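Report on the structure
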Amino acid sequence: MFKKSYLSNLINKLLQPIKLNQKLIIGRKDKGDFPDLELKNIDLKIDTGAYTSAIHCHKIETKEINGKQILVYTLLDPSHRKYGNKEFSTDKFQEKRIKSSFGTSEKRFIINTTIRLFGKKFPIELSLSERGEMKFPILIGRRFLMGNFIVDPSKYDLSYKRKLLISKKKQT
């Protein structure tokens, strides 16, 4: 059997995010939290081929309220297990042309929010898109990854596993 101190040291090492040149290592997929959007442990696909990050939405529209353009959207869709049927709105948005993976360009709305990975909050820009046919409701692109992360495609759920270990450790 292992000594208790050895196991304790091993657990403490696992709780530390893996860093390389001060960048966190993230795998090909993970789970993250979007506190402002009331999403926890939502599946993420890390995609170095995509420049922009995207989140699956439906019912995306702009409305004029009191002379101001407001973006109104519902995250995910009824077929998704984390669907909350909650309408979000913001007056802080942009409209940009985004090139899809199919090579076509389309106008999309962009919002700024935060994502929690490895126990840390990061600002992120998300395009609102219809990703219903996709396996992952959220795609994390290069713009977010650059400067903060190195992608190791042989790994997955590194942030989520760390979160579970910390949670387990707090319970003991």
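On a predicted model such as this, the values are computed, not experimentally measured, just so you know.

1. Describing the pattern of salt bridges
Between side chains of opposite charge, a pair can form when the charged atoms approach closely. Inspection of every chain in the model, using the stated rule, returns 10 salt bridges. Of the charged contacts in the structure, one is a salt bridge between K68 and D91, with a shortest N-O distance of 2.8 Å. You can see K68 sitting in strand β6 (residues 68-75) and its partner D91 sitting in the loop between β7 (87-90) and β8 (93-99), a full 23 residues away along the chain. A relative accessible area of 45% places K68 in the partly exposed class. D91 gets classed as partly exposed once you look at its relative accessible area, which sits at 32%. Between E106 and R108 there is a salt bridge, with its nearest N and O atoms 2.7 Å apart. Relative accessible area serves as the criterion here: at 32%, E106 is assigned to the partly exposed category. On the basis of relative accessibility, which here comes to 12%, the residue R108 falls in the buried class. What you see here is one network of salt bridges that share partners, running through K31, D43 and R81.

Thresholds, definitions, all that
Residues numbered from 1 in each chain as written. Predicted model: local features only at pLDDT ≥ 70, side-chain atom pairs only at ≥ 80, totals over all residues. Heavy atoms only, no water. Salt bridge = Lys/Arg side-chain N within 4 Å of Asp/Glu carboxyl O. Helix = DSSP H or I, 4+ residues; strand = E, 2+ residues; numbered from the N terminus. Buried < 20%, exposed > 50% of the residue type's maximum accessible area, 1.4 Å probe, protein only.

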